[in-house]
Amino acid sequence: EVDFMLCEIGGTVGDIEGNARKAIAAWQAGRDAGADMVVLPEMFLIGYQPQDLVRKPAFVADAMARIEALAAEVADGPILGIGAPFADETGLYNAYSILRGGKVVSRTLKHELPNYNVFDEVRLYRPGPLGGPFDAGPLRIGVPICEDAWLPDVCEAMAESGADLFVVPNGSPYFRDKFPFRLNAMVARVTENDLPLAYLNMVGGQDDQAFDG
């Protein structure tokens, strides 16, 4: 058994330090409540959508350094899952990091990059590989990032790699009557893989987009 705290909050675009403080406050609340894992939304550390801010190498480097520092700050307590950009010699990725025991113990790289309506991720990021789950002690948890759970391949790969459940961090903008679309997509992933799924979406607004949890 793993107790989760799913935090339906939003970060402020560009405010790495302010968002990190929000993450620590959420983690402390989870620790006080006895949670084993605290889960924050997609790209929480830098805010969503960051658009061309992530094309600035110094900004991405600052975000990556803050993730490493954050891992040390939340070493004594529950696992923290948090979205942030990640870059290496292969390119820039929309990533989700798992912080445990003072270290980044796992990093999922978003595979399915949306490129329609308000999304422009194909231009900004490289698609990550089909990845597996991470070990959370008694459970192996797959973390399909937003669009990764709207299509079948990523969840299927995680299930085949031994996932016991899916935790889905999202930056999913609101439009009228969107809830049934979300629900149908997530039910499909549950049915296809015979695994439970926890869905977390951010709350707040950025420019012309609203996020409704």
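Residues numbered from 1 in each chain as written. Predicted model: local features only at pLDDT ≥ 70, side-chain atom pairs only at ≥ 80, totals over all residues. Heavy atoms only, no water.

A. View of the sheet that holds strand β9 (residues 197–201). As summarised here, the arrangement of the four strands in space is β6-β7-β8-β9, forming an open sheet in which the pairing is mixed. The open sheet has two edge strands with one neighbour each: β6 (134–135) and β9. Taken together, the two bridges between β6 and strand β7 (residues 140–142) define a ladder with antiparallel strand orientation. Counterpart to D135 in the pairing with β7 is R140. Contacting β8 (165–170) and β9, helix α6 (residues 179–193) runs over the sheet at an angle of about 150° to β9. (Pairing = 2+ DSSP bridges. Helix = DSSP H or I, 4+ residues; strand = E, 2+ residues; numbered from the N terminus. Contact = heavy atoms within 4.5 Å. Axes fitted to C-alpha atoms, helices over the stretch in contact; angles between N-to-C directions.)

B. Spotlight on the nonpolar core. Residues L40, L45, L70, L80, I82 and L99 are the most contacted members of the largest nonpolar core, which totals 33 residues. Filtering out sequence-adjacent residues up to four positions away, L45 remains in contact with D15, I16, N19, A20, A63, R66, I67, I82, G83 and A84. Among the nonpolar cores identified, the runner-up in size contains 14 residues, and V39, A136, I145 and C146 belong to it. (Core = buried A, V, L, I, M, F, W, Y, C linked by side-chain atoms within 4.5 Å. Buried < 20%, exposed > 50% of the residue type's maximum accessible area, 1.4 Å probe, protein only.)

C. Representation of the packing of helix α1 (residues 16–33) against helix α2 (residues 57–73) in the model. α2 packs onto α1 with a crossing angle of 25° between their chain directions and a minimal axis gap of 11 Å. Taken together, α1 and α2 sit at an angle that is classed as roughly parallel. Read as a crossing pair, α1 and α2 show a hand that is right-handed. Contact with α1, carried on its side by I16, E17, A20, A23, I24 and W27, involves F59, D62, A63, R66, L70 and E73 of α2 and no other residues of that element. Partitioned by chemical class, the residues of the contact of α1 with α2 number eight nonpolar, no polar and four charged. (Parallel < 35°, antiparallel > 145°, perpendicular 65-115°, else oblique. Left-handed = near helix turned anticlockwise from the far one by under 90°. Nonpolar A, V, L, I, M, F, W, Y, C, P; charged D, E, K, R; others polar.)

D. View of the packing of aromatic side chains. This model, assessed by the stated rule, comprises one aromatic pair. Here F175 and F181 contribute two aromatic rings whose centre-to-centre distance is 6.0 Å and whose plane-to-plane angle is 65°, an arrangement assigned as edge-to-face. In this structure F175 comes out as partly exposed when scored by relative accessible area, which is 38%. (Phe/Tyr/Trp six-rings, centres within 6.5 Å; stacked < 30°, edge-to-face > 60°.)

E. Structural detail: the pairing of β9. Bridge count for β8 against β9 is five bridges, and the pairing is parallel. Looking across to β9, one finds that N170 is bridged to N201.

F. Molecular detail of the pattern of salt bridges. Going through the model one piece at a time under the given rule, you end up with nine salt bridges. Across the pair R66 and E73 runs a salt bridge, and its minimum N-O distance is 2.8 Å. On the accessibility criterion, R66 (11% relative accessible area) is buried. In this structure, R189 engages E192 in a salt bridge whose closest nitrogen and oxygen atoms are separated by 2.8 Å. With a gap of three residues between them, R189 and E192 both fall in helix α6, about one helical turn apart. Judged by its relative accessible area of 6%, R189 is buried. (Salt bridge = Lys/Arg side-chain N within 4 Å of Asp/Glu carboxyl O.)

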